[in-house]
Each structure stands twice: as C-alpha cells, then as structure tokens.
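These are the residues of each chain, in order.
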Amino acid sequence: MPAVFSAPGSGLREWTTAQARPVERLDYWVGAICEAFLEMDCSSRAADCFDGELTHLPLSQLAVNRVRASTQDVYRTPSGIARSRSQPFYLITQTEQPWHVKQGGQHLQLRPGDAVLVDAAQPYELHFPHSVSCLSVQMPRAWVGGWLRTVDTAPARVAHREQGWGHMLSALCLQL
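On a predicted model such as this, the values are computed, not experimentally measured, just so you know.

## Observations regarding the overall build of the protein chain
Moving on, step 1. Check the secondary structure of the protein chain and you find four helices and eleven strands.
Moving on, step 2. Sorting the 176 residues of the protein chain into buried and exposed places 45% on the buried side.
Moving on, step 3. The long-range share in the protein chain, meaning contacts at least 24 apart out of those at least 6 apart in sequence, stands at 65%.
Moving on, step 4. Roughly 9000 Å² of accessible area belongs to the protein chain as shown, and the carbon and sulfur atoms make up 56% of that amount.

This is the structure we're talking about:
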C-alpha cells in the first residue's frame, strides 16, 4: 500500500511517487490511484522515469482530486468494476494538454479545459499522451441521477470548454 500524507481533521490525503525508488514508481502510482479513486489499471511509456502527485479531498458527498503526473493510459476494466465497492461518476477536466477518452463505443478527442463525465460502472479508458494535469470530481450515482434523466445507459458525456455548461464547468474546474 502506498504511503500517504494525511492532514489531520481535513480528510486531505496526498500521494507522491517521489517517495518510491524510480523502478517502483509506476507500481506505487497504480496503488495510489486505486486507493484514491477505485480499481483501475495504468500503463506508461515513461515507466522508467514516472513521476506523479495526487491530492484527494473529500467534501461531504463529493471528492475533489488533483492529479499531476507523467504520460499514462488508465483503464477501468470489467474485472476492476467487479472488485469495486462503489460505482461513482467522475467529472474530469485536463487543464494543460489534449487527451482522449473511450467509453461506451465512443472515442472522444478532448482539449485542455474540456470536461467529461465518465461512469465508473462501465469500462473506460483515459489516455494522456503528453502528461496529466487534471481535476477530477467524484460524484455518487444517486447524486448524478438527480441531475440527469438517465445514468446507466449513456457513454461518457462531454462539456466542451466554450459551449453551454462546458464554459462554466471548465472555468470552475480551472479555479479549483
């Protein structure tokens, strides 16, 4: 289990690969994202020099996660879903580099500032070809169900940074 910094009383938890030997950093990272988020697999073409920091802050029903890391590909697989206790939604905004999301038969090309809502009850892939600098807000299914007509049938939903709700969501995530 990765070592983690915890701020007493706040629920704030932080992980950094700087605590691990370079050869063990990617394995440490996989443990950190599974502990902070949920069961996922991760690979990186920068495995031999991987670097990452993750901050997790629970806020009542929600949790805010800030991730800064090397290039990586994250996979939410059927076996990971089966091992998980909860199936939340994640609203993810990558702030500095383009990235890709695959879920429900869709392959979405996203720009910095675009937000995407992914369903952790369904397999997905997150591809960060350059680096990761993102904000991820974890939301319970019941909470999201109060906002959306259907929660169990749709693939990832995109809010583009310059359109409608995306304009507001992008600005909010960038400020957080």
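## Observations concerning empty space enclosed by the protein
Moving on, step 1. Per the stated rule, a full pass over the model turns up one cavity of 30 Å³ or more.
Moving on, step 2. In this structure, the largest cavity occupies an estimated 170 Å³ of space.
Moving on, step 3. Of all the secondary-structure elements, those providing two or more residues to the lining of the largest cavity are α1 (25–36), β5 (62–76), β6 (89–94) and β10 (124–139).
Moving on, step 4. With six residues, β10 is the single largest residue contributor to the lining of the largest cavity.
Moving on, step 5. Along the lines of polarity and charge, the residues of the lining of the largest cavity split into 13 nonpolar, two polar and no charged.

## Re the layout of surface pockets
Leftover empty space is mapped by rolling, across the atoms, a probe with the size of a water molecule.
Moving on, step 1. Of the volumes computed, that of the second largest pocket is approximately 230 Å³.
Moving on, step 2. Lining the second largest pocket, in full, are Cys 34, Glu 35, Phe 37, Leu 38, Glu 39, Arg 83, Ser 84, Arg 85, Ser 86 and Gln 138.

## Quick look at the nonpolar core
Moving on, step 1. Counting residues in hydrophobic clusters, the biggest one holds 32 residues, and the most contacted among them are Phe 37, Val 101 and Val 116.
Moving on, step 2. Residue assignment for this core shows that the elements contributing at least two residues are α1, β5, β6, β7 (99–103), β8 (106–110), β9 (115–119) and β10.
Moving on, step 3. Broken down by element, this core gets its largest block of residues, six residues, from α1.
Moving on, step 4. Setting aside residues up to four positions removed in sequence, Phe 37 forms contacts with Leu 54, Asn 65, Val 67, Tyr 90, Ser 136 and Gln 138.
Moving on, step 5. Among the nonpolar cores identified, the runner-up in size contains nine residues, and Val 64, Phe 89, Val 137 and Val 144 belong to it.

## As for the pattern of salt bridges
Moving on, step 1. Enumeration according to the criterion identifies seven salt bridges in this entry.
Moving on, step 2. The salt bridge partner of Arg 141 is Asp 119, with a shortest N-O separation of 2.6 Å. Here Arg 141, found in helix α3 (residues 141–145), pairs with Asp 119, found in strand β9; they are 22 residues apart in sequence, far enough to count as distant.
Moving on, step 3. What makes Asp 119 buried here is its relative accessible area of 2%.

## What to know about unusual backbone geometry
Moving on, step 1. A positive phi is found at Ser 60, a non-glycine position, where the angle reads about 55°.
Moving on, step 2. Mapped onto the secondary structure, Ser 60 falls in the loop between β4 (52–59) and β5.

## Observations concerning the pairing of β10
Moving on, step 1. Of all 16 residues in β10, twelve are buried, a share of seventy percent or more.
Moving on, step 2. Where β5 and β10 come together, 13 bridges link them in antiparallel fashion. Within the sheet, the bridge partner assigned to Arg 66 lies in β10 and is Leu 135.
Moving on, step 3. The sheet contact formed by β7 and β10 spans four bridges and is antiparallel. Bridge pairing in β10 links Lys 102 to Glu 125.

Thresholds applied
- Residues numbered from 1 in each chain as written.
- Predicted model: local features only at pLDDT ≥ 70, side-chain atom pairs only at ≥ 80, totals over all residues.
- Heavy atoms only, no water.
- Helix = DSSP H or I, 4+ residues; strand = E, 2+ residues; numbered from the N terminus.
- Buried < 20%, exposed > 50% of the residue type's maximum accessible area, 1.4 Å probe, protein only.
- Contact = heavy atoms within 4.5 Å.
- Areas by Shrake-Rupley, 256 points an atom, 1.4 Å probe, with all protein chains shown as cover.
- 1 Å grid on protein atoms, 1.4 Å probe; cavity = no way out; pocket = protein on both sides within 12 Å on 5 of 7 lines; lining within 4 Å.
- Points joined across faces, edges and corners; volume = space filled by probe spheres on them.
- Nonpolar A, V, L, I, M, F, W, Y, C, P; charged D, E, K, R; others polar.
- Core = buried A, V, L, I, M, F, W, Y, C linked by side-chain atoms within 4.5 Å.
- Salt bridge = Lys/Arg side-chain N within 4 Å of Asp/Glu carboxyl O.
- Pairing = 2+ DSSP bridges.

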